[in-house]
Amino acid sequence: MRYVSLNDAGSLPFWRRPATLLFVMAMAMPIAFATWSALLNNFVIEVAAFEGTDIGWLHTVREIPGFFAIGVIALIIFIREQVLGLISLILLGVATALTAQFPSMAGILTITMLSSIGFHYYETVIQSLQLQWIDKARAPQVLGWMISAGSAATLVVYFLIVLSWDRLGLTYSIVYWMAGGFTALVAMFCLLAYPQFDTPHPQLKTFVLRKRYWLYYALQFMSGSRRQIFVVFAAFMMVQKFDFDVDQTTKLFMAALVVNIVLAPVLGKIVAFFGERRALIFEYVGLCLVFGAYAGIYYLHWGVVLAVALYVINQIFFSLALAIKTYFQKIADPQDIAPTAAVAFTINHIAAVFLPVLLGILWDQFSPGLVFLLAVGMAFVSLLLSLLIPRHPAPGHETVFQGRLLAPAE
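Computed from a predicted structure; not experimentally measured.

1. Some details on the overall build of the protein chain
A tally of helices and strands in the protein chain yields 14 helices and two strands. The globule rule puts the C-alpha radius of gyration for 410 residues at 22 Å, and the 21 Å found for the protein chain is close to it. If one aligns the C-alpha atoms of the protein chain with their principal axes, the spans along those axes are about 55 × 50 × 35 Å. For the protein chain, with 410 residues in total, the buried portion stands at 58%. Long-range pairs, those at least 24 residues apart, make up 86% of the contacts in the protein chain between residues at least 6 apart in sequence. Just so you have it, the protein chain exposes about 16300 Å², and 71% of that area is on carbon and sulfur atoms. One finds the centroid of the 23 positive side-chain charges in the protein chain at a distance of 11 Å from the centroid of its 20 negative side-chain charges.

Okay, here's the thing in structure tokens:
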């Protein structure tokens, strides 16, 4: 296996360079994961008669591997990050392909756990590689383009589902096999076709938890908590309350993707120009309004058109979360990136382990509107935290309370 330093990677053919590999992986992962997500709500309701509590349990199980993403630190002692990321992507693809073969509560939860291990370990590693392989000055723009590339790949998948679901009489089994199999094959190709890239800063392979990163940890925790409400219940609401079928649900996802393809690179430029502080303030103010409007759908009986618009707008705001990554890149010691990515991913999923099932009970036993009001509170806390980000973050200047000249504290 060939090893190439990042400094020498520029001499490789364009398609074999580190950035190209990141783009290929960014496009391959959503093909499996987005297909799983697009069909999930209809699949579990039609096949296993899921209610709100059931979907809460499913997403709690799905998030357990994210909570244990810290295990990546132990694995990279023996496996290179690049290899671990691709093996995780293969696992995600294979598990997605098998999803429809287990149409029971126990089967769905088991295969969801396996696909989730692949997804969360892949996400942990890819975030680390992105921050190591992409120059700080270009990171917001490049990350924006990667979001756009992933959205474009997902859009193709959704377009094919909408175009062929009824016409070809597709089944859940066929679609899951095709999408998951494709992702696994692409990951295997990347594993064999690309050299191993060596970074100039070897990563620490020990547990890293530094006091000066506390604001980054807090932002990650709130991001994970808030995102659970949208990921678990926004699309579920469209199926349960407005009776969306597979075709309609997929069209909804497509609309959000088209907007993301166009706007994600723009959002990257916005973060680069205005800075992480202003970008995140804008995101969290917007999310407070969006989640408040979601609650209004239940309490004020607003209609399906608004619900669709809110889903698309919500996806746009979530794309600004790349600012959390670039904020950390600016304040981090280079050798801390890999272990801190694992720690941060675990922190991001602390609430995810118990929140979906508790919110599922709240959804069924009390009111769906309360779930979205809780999300408003979470977005407001995130807004308060974003006000602590300095205009120009740097080591020793991680929050507004610290001057630039202070030495970084451990």
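2. Some points on the layout of surface pockets
Any empty space left between atoms is shown by rolling a water-sized probe over those atoms. Roughly 510 Å³ of internal volume is contained in the largest pocket. What lines the largest pocket is a set of 24 residues, and nearest its centre among them are Leu-6, Gln-132, Trp-133, Ile-134 and Asp-135. Along the lines of polarity and charge, the residues of the lining of the largest pocket split into 14 nonpolar, six polar and four charged.

3. A closer look at the packing of aromatic side chains
The full count for this structure, using the stated rule, is 18 aromatic pairs. Measuring from ring centre to ring centre gives 4.5 Å for Tyr-216 and Phe-328, while their planes differ by 20°; the resulting arrangement is stacked. In this pair, Tyr-216 is assigned in helix H8 (residues 214-242) and Phe-328 in helix H11 (residues 322-331), connecting sequence segments 112 residues apart. Just as Tyr-216 is buried, Phe-328 falls in that class too.

4. Describing the side chain of Ser-151
When you line up the elements, Ser-151 lands in helix H6 (residues 139-164). Setting aside its immediate chain neighbours within four residues, Ser-151 contacts Leu-257, Asn-260 and Ile-261.

5. Digging into the nonpolar core
In globular proteins that are soluble, nonpolar side chains generally tend to be buried together. Core analysis: the biggest nonpolar cluster contains 137 residues, and Tyr-158, Phe-197, Met-237, Phe-291, Tyr-294, Tyr-311 and Phe-372 have the highest contact counts within it. By residue number, the principal contributor to this core is helix H9 (residues 246-299), which donates 20 residues. Those residues within four positions of Phe-291 in sequence are excluded, and the remaining contacts are Arg-226, Ile-229, Phe-230, Asn-314, Phe-318, Phe-372, Ala-375 and Val-376.

6. Considering helix H4 (residues 81-97)
It helps to recall that an α-helix has 3.6 residues per turn; residues three or four apart then point in one direction. Given a rise of 1.5 Å per residue, 17 residues ought to cover 24 Å, and the 24 Å separating the end C-alpha atoms of H4 matches this to within 8%. Counting buried residues along H4, 14 of its 17 residues qualify, which places the element largely inside the surrounding structure.

What counts and what doesn't
- Residues numbered from 1 in each chain as written.
- Predicted model: local features only at pLDDT ≥ 70, side-chain atom pairs only at ≥ 80, totals over all residues.
- Heavy atoms only, no water.
- Helix = DSSP H or I, 4+ residues; strand = E, 2+ residues; numbered from the N terminus.
- Rg over C-alpha atoms; globule rule 2.2 N^0.38 Å.
- Buried < 20%, exposed > 50% of the residue type's maximum accessible area, 1.4 Å probe, protein only.
- Contact = heavy atoms within 4.5 Å.
- Areas by Shrake-Rupley, 256 points an atom, 1.4 Å probe, with all protein chains shown as cover.
- Lys, Arg positive; Asp, Glu negative; His and termini not counted.
- Charge placed at Lys NZ, Arg CZ, Asp CG, Glu CD.
- 1 Å grid on protein atoms, 1.4 Å probe; cavity = no way out; pocket = protein on both sides within 12 Å on 5 of 7 lines; lining within 4 Å.
- Points joined across faces, edges and corners; volume = space filled by probe spheres on them.
- Nonpolar A, V, L, I, M, F, W, Y, C, P; charged D, E, K, R; others polar.
- Phe/Tyr/Trp six-rings, centres within 6.5 Å; stacked < 30°, edge-to-face > 60°.
- Core = buried A, V, L, I, M, F, W, Y, C linked by side-chain atoms within 4.5 Å.
- Expected span 1.5 Å × (residues − 1).

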